[in-house]
Amino acid sequence: MKDLLPAPADYRLEGRVWVQGPHDRFLGIGRLELLAQIQATGSISRAAAAMGMSYKRAWDLVHSMNTQALAPLVATQTGGKSGGGALLTPAGAQAVADFQAVQTRFHAFLAEETRRLAE
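Residues numbered from 1 in each chain as written. Predicted model: local features only at pLDDT ≥ 70, side-chain atom pairs only at ≥ 80, totals over all residues. Heavy atoms only, no water.

Here the focus is helix H2 (residues 44–51). Ile44, Ala47 and Ala48 are the residues of H2 that are buried. Buried residues of H2, viewed axially, fall in a sector of 100°; they line one side. Buried-residue contacts for H2 involve helix H1 (29–41), helix H3 (55–68), strand S3 (74–77) and strand S4 (85–88). Backbone geometry just downstream of H2 places Gly52 in the positive-phi region, at approximately 70°. (Buried < 20%, exposed > 50% of the residue type's maximum accessible area, 1.4 Å probe, protein only. Helix = DSSP H or I, 4+ residues; strand = E, 2+ residues; numbered from the N terminus. Arc of directions from axis to C-beta. Contact = heavy atoms within 4.5 Å.)

Attention now goes to the pattern of salt bridges. It is possible for side chains bearing opposite charge to pair when their charged atoms get close. Evaluation of the coordinates by the stated rule reveals six salt bridges. Among the salt bridges present, the one from Glu14 reaches Arg12, with a minimum N-O distance of 2.5 Å. For the pair Glu14 and Arg12, a shared accessibility class is recorded, and that class is exposed. Asp60 is the salt-bridge partner of Lys56, the closest N and O atoms lying 2.8 Å from each other. Residue Lys56 and its partner Asp60 are located together in helix H3, separated by four residues, close to a single helical turn. Among the residues examined, Asp60 registers a relative accessible area of 34% and is labelled partly exposed. Taken together, the shared-partner salt bridges in this structure form one network comprising Glu112, Arg115 and Glu119. (Salt bridge = Lys/Arg side-chain N within 4 Å of Asp/Glu carboxyl O.)

Shown next, in the form of structure tokens:
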């Protein structure tokens, strides 16, 4: 491909990776960010606000991940006197760590292929 490019060193490979289930996306960079925001804020609504996303959209994404996984990734507590909230379950923390590792390997792959493009 480098023979097709005027200055191959000025080009790079880009891409995104996600885990696709049989009917819906299970986990990708946006869902990963949502899980991280839930972990940081303790709330789906605050996580949604931090991302500029509607609460309904955030709740739909959490519901999708929770129903696709063998164990829920996010646990919720309804409001009331002590207030509501959300937190990552051990499965949710594992999903975040595992997907971050996939992202790291994917970016290393893209960097290596970009290096080969410029050779």
